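# Close look at the chain arrangement
Here is how the chains run, residue by residue.
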Amino acid sequence: MEITVQHPLERYIRSEKMPTTWCPGCGIGTVVQSFLKAIDELGLDPKDLVMISGIGCTGRVPHYLKFDGAHVLHGRAIPVALGVKLANPKLKVVVWGGDGDIASIGGNHLIHAARRNADLTVIMINNFIYGLTGGQVAPTTPKETVTYTSPYNPDSKPFDVIKLVAAAGATYVARWSTAYPVLLKESIKKALNHRGFSFIEVISQCPEIFGRINGFKEPYDLYLKIKKVGQIRRGISPFEAKYDWNEEISLGEFVNREEPTYLEQLEEIKKKARGEKA
Ligand SMILES: Cc1ncc(C[n+]2csc(CCOP(=O)(O)OP(=O)(O)O)c2C)c(N)n1
């Protein structure tokens, strides 16, 4: 008797694209699973969601999911996503990107989307390195680690991206790791229902490149390091959070407040331009 096993989230996945290009032990799949479970538990219709990504290993996420989406230029996912949202405000628009895509080449778009309280959800998977292109230094590479372009450690200290987006005005900011998929799922649910700009950073393992060059022989060794360094801190501000490879990378929900969103602010401007009362 032939037994066919179906993945419980099969209906959201483009099975014909399997297997993925992600390396064995990569953390991206864990994040995608938390995301799909969040969609499932919220009962969202996939037709109401759009996924936009730039280039990178994380940038390939929309490629494998059965949602409308676009895989755009490296670093430019946020402006494209905002264009989609402006064209059809009913859609929930999700941006997927690596730390390089979102915080390096796309860093300018990131801070301005946060400042505007743009009606988007950004999921940034931070593996501390440029994965797809073979291991170059990223703006998030911890000082104590190495990459192929910074074999004597990075020349500068890293961005703690949650501080950056919080300072720029983001109204939902959280950081989790692949060691906490259920907490991540709950946070993604909140982000998807948040009015305005929601940003979730996920600390994730890149065992093939970041792991190997930093002396982690097995994917599990790097996973254990990520599990150990990520400490959940409840009720602290993003500016008290730590981003330290040797000591602690603080995890948790750091900002969650309501403010007029970009689309709401635009409506106000339109009313004024039409001479209507606000
Ligand atoms: C304009 C442009 N510059 C550079 C590249 C080469 N490039 C592709 S992906 C990438 C960085 C990938 O790193 P990250 O965004 O952290 O994603 P990961 O692959 O680690 O998920 C770079 C530099 C490109 N495709 N386009």
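The following refers to the structure shown. (Residues numbered from 1 in each chain as written. Predicted model: local features only at pLDDT ≥ 70, side-chain atom pairs only at ≥ 80, totals over all residues. Heavy atoms only, no water.)

### Quick notes on the site of the ligand
Close to the ligand lie 16 residues; Cys57, Gly100, Asp101, Gly131 and Leu132 are nearest. Cys57 is positioned with one of its backbone polar atoms (N or O) 2.7 Å from an oxygen atom of the ligand. Asn127 has a polar side-chain atom sitting 2.9 Å from an oxygen atom of the ligand. Calculation on the ligand without its partners gives an accessible area of 600 Å², and the protein chains cover 72% of this total. At the level of elements, helix H4 (99–105) and strand S5 (129–130) are the ones that each hand at least two residues to the shell around the ligand. Element by element, the count of residues in the shell around the ligand is highest for H4, at four residues. Each residue belonging to the shell around the ligand can be placed in one class, and the counts come to six nonpolar, eight polar and two charged. (Near = heavy atom within 4 Å. Polar contact = N/O pair within 3.5 Å; in protein donor to acceptor, adjacent residues only side chain to side chain. Areas by Shrake-Rupley, 256 points an atom, 1.4 Å probe, with all protein chains shown as cover. Helix = DSSP H or I, 4+ residues; strand = E, 2+ residues; numbered from the N terminus. Nonpolar A, V, L, I, M, F, W, Y, C, P; charged D, E, K, R; others polar.)

### With respect to the side chain of Thr178
Following the sequence through the fold, Thr178 ends up in the loop between strand S7 (172–177) and helix H7 (181–193). Beyond its immediate sequence surroundings of up to four residues, Thr178 is in contact with Gly27, Thr30, Val31, Val202, Ile203, Ser204, Gln205, Tyr223 and Ile226. (Contact = heavy atoms within 4.5 Å.)

### Focus: the nonpolar core
Core analysis: the largest hydrophobic core is formed by 45 residues, its most contacted members being Phe35, Leu36, Leu49, Trp96, Ile123 and Ile200. What Ile200 contacts, discounting residues up to four positions off in sequence, is Val122, Ile123, Met124, Tyr172, Ala174, Trp176, Leu184, Ser187, Ile188 and Ala191. (Core = buried A, V, L, I, M, F, W, Y, C linked by side-chain atoms within 4.5 Å. Buried < 20%, exposed > 50% of the residue type's maximum accessible area, 1.4 Å probe, protein only.)

### Observations concerning the pairing of S7
Here S7 lies mainly inside the structure; six of its six residues are buried. Every second residue of S7 is oriented toward a common face, with Tyr172, Ala174 and Trp176 on one face and Val173, Arg175 and Ser177 on the other, all of them buried. For S7 and strand S8 (residues 198–203), the ladder comprises six bridges, and the chain directions are parallel. Note that in S8 the partner of Trp176 across the bridge is Val202. The β-α-β motif built from S7, the intervening H7 and the parallel element S8 has right-handed crossover chirality. (Pairing = 2+ DSSP bridges. Right-handed = clockwise from strand over helix to strand, strands pointing away.)

### Focus: helix H5 (residues 107–116)
When H5 is considered as a whole, its buried residues turn out to be Gly107, Leu110, Ala113 and Ala114. Projected onto a plane normal to the axis of H5, the buried residues spread over an arc of 125° and lie on a single side. Facing away from the buried surface of H5 by more than 90 degrees, the exposed residues are Asn108 and Arg115. On the buried face of H5, the contacting elements are helix H3 (77–87), H4, helix H6 (161–168) and S8. (Arc of directions from axis to C-beta.)

### Focus on the packing of H3 against helix H10 (residues 262–273)
The N-to-C vectors of H3 and H10 enclose an angle of 55°; their axes lie 11 Å apart at closest approach. Here H3 lies oblique to H10, going by the angle between them. Along this stretch, H3 crosses H10, giving a crossing that reads as right-handed. Contacts from Leu82, Lys85 and Leu86 in H3 reach Tyr262, Leu263 and Leu266 in H10. Taken together, the residues that form the contact of H3 with H10 break down as five nonpolar, no polar and one charged. (Axes fitted to C-alpha atoms, helices over the stretch in contact; angles between N-to-C directions. Parallel < 35°, antiparallel > 145°, perpendicular 65-115°, else oblique. Left-handed = near helix turned anticlockwise from the far one by under 90°.)

### Points about the pattern of salt bridges
Counting across every chain of the model gives 18 salt bridges. With a shortest N-O distance of 3.2 Å, Lys242 and Glu247 are connected by a salt bridge. Across the salt bridge formed by Glu267 and Lys270, the nearest N and O atoms sit 3.2 Å from each other. Taken together, the residues span about one helical turn, with Glu267 and Lys270 both in helix H10 at a distance of three residues. Overlapping salt bridges, with partners in common, bring together Glu41, Lys185, Glu186 and Lys189 in one network. (Salt bridge = Lys/Arg side-chain N within 4 Å of Asp/Glu carboxyl O.)

### Brief notes about unusual backbone geometry
Note that the residue after Met18, namely Pro19, is joined by a cis bond; omega there is 0°. Positive phi is not limited to glycine here, since Asn117 has a value of about 55°. Tracing the backbone through its elements, the reader meets Asn117 in the loop between H5 and strand S4 (121–126). The phi angle at Phe128 is positive, at roughly 70°, despite the residue not being glycine. Relative to the assigned elements, Phe128 resides in the loop between S4 and S5.

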